[in-house]
Amino acid sequence: PMPTDLERRRAIDTAASMYLAEEPLDMSLLAERLGVGRATLYRWVGNRDELLGTVLAEATERTYRKAMSQASGQGPEYILDVFGRVMRSVESSTELRALTKREPMVFIKLAMMPGSIESISASITAEILQSQVDAGQLTITLSPQVLGEALVRICDVHLYAPLLGREKAEIETALDLIALLLGVTRN
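Only a predicted model underlies this, so the values are computations on that prediction, with no experimental measurement involved.

An account of the pattern of salt bridges is needed here, citing residue identities and associated values.
Under the defined criterion, the tally for this structure stands at 14 salt bridges. Notably, a salt bridge pairs E58 with R9, separated by 2.6 Å at the nearest N-O pair. Remark: R9 occurs in helix α1 (residues 5-20) and E58 occurs in helix α4 (residues 48-70); sequence separation between them is 49 residues. On the basis of relative accessible area, E58 is assigned to the partly exposed category, the value being 24%. Accessibility expressed as a relative area gives 32% for R9, which makes it partly exposed. The salt bridge involving R33 is made with E23; its shortest N-O contact spans 3.0 Å.

Written out as structure tokens, the structure is:
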């Protein structure tokens, strides 16, 4: 039988609590905590990478929404503030640091390849861009979706630079490139 929304939600929430406790996501342990067999768990949430992607995508959305509620300014200034807040929040996440230390290649695959994390990031970015266009605060020549995906990829490459062999995250470089694409210069 197909899982109910409640069963799926309970599995995702339990996996998220394991992530927030900086525990490895062990599917056997998760199934045990939920009181179900592994086969049932896999039917509910897909494989381990899919589940981890869902947990990280939901965390990504919360991070963006919080940044959007705290950011100030209008147009490019607002967009840069949101991205700065998101990247600094991700960079300072102890849970994410624990995960990337344990499983750097899994994280790179989940965060930088097409999937739920990139999808939610690009979607929210497109939403932000469209809101600023609608408010008359921003003019863009690309669709919000295309520009949103480009901005997310720029952020990913620079934010996760340490996982790609760089010394440290390059948040200021990412923000400079976003400003350039939005037609403004940063102070």
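That shown, we press on.
Before we move on, can you summarise the side chain of S121 with the specific residues and values?
By secondary structure assignment, the location of S121 is in helix α8 (residues 116-134). Of the polar contacts made by the side chain of S121, one reaches the backbone oxygen of I117; its length is 2.9 Å. Setting aside its immediate chain neighbours within four residues, S121 contacts T60, Y64 and V152.

I'd love a proper account of the side chain of D156, names of residues and values included.
With respect to the helices and strands, D156 occurs in helix α9 (residues 144-159). Notably, D156 is buried but unbridged: the nearest opposite-charge side chain belongs to R153, and the N-O separation is 6.7 Å. When residues no more than four places from it in sequence are discounted, the contact partners of D156 are A111, M112 and A161.

Tell me about the environment of A31, and name the residues and values.
With respect to the element layout, A31 can be found in helix α2 (residues 27-34). Taking the C-alpha atoms as reference points, A31 and Y42, eleven residues apart in sequence, are found 9.0 Å from one another. Residues in contact with A31, not counting those within four places in the same chain, are V36, G37, R38 and L41.

Tell me what's going on with the packing of α4 against α8, and back it up with residues and numbers.
The contact between α4 and α8 brings their axes to 8 Å, and the two run at 20°. Relative to α8, the element α4 lies roughly parallel. Two packed elements cross with a definite hand, and for α4 against α8 that hand is right-handed. Residues G53, T54, L56, A57, T60, E61, Y64, R65 and M68 of α4 lie in contact with α8, whose contacting residues are S116, I117, I120, S121, I124, T125, E127 and I128.

Calculation rules
Numbers given to residues run from 1 along each chain, matching the order in which its sequence is written. Only residues with pLDDT of 70 or above have their local features reported here, since the model is predicted, and side-chain atom pairs are shown and tallied only from 80 upward, although totals for entire chains, interfaces and linings are computed over all residues. Working from all heavy atoms in the structure, the side-chain values ignore hydrogens and water. Any carboxyl oxygen of Asp or Glu that lies within 4 Å of a side-chain nitrogen of Lys or Arg is treated as forming a salt bridge with it. Secondary structure is summarised from DSSP: a helix means a run of H or I of at least four residues, a strand means a run of E of at least two, and numbering begins at the N terminus for each. Throughout, exposure labels follow a simple rule: accessible area from a 1.4 Å probe, protein chains only, divided by the maximum for the residue type, with under 20% read as buried, over 50% as exposed, and the rest as partly exposed. Polar contact is defined as a pair of N or O atoms within 3.5 Å, subject to the rule that within protein one atom must be able to donate a hydrogen and the other to accept it, and that residues adjacent in sequence are counted only when both atoms are side-chain atoms. Note on contacts: a residue pair is in contact if any heavy atoms of the two residues lie within 4.5 Å. Positive charges come from Lys and Arg, negative ones from Asp and Glu, while His and the chain ends are left out of the count. The axes used here are C-alpha line fits, helices contributing only the stretch in contact, and every angle between their N-to-C directions lies in the interval 0 to 180 degrees. Each angle gets one of four labels, with under 35 degrees taken as roughly parallel, over 145 as roughly antiparallel, 65 to 115 as roughly perpendicular, and the rest as oblique. Working rule for handedness: look at the near helix, and if it is turned counterclockwise from the far one by less than a right angle, call the crossing left-handed; if clockwise, right-handed.

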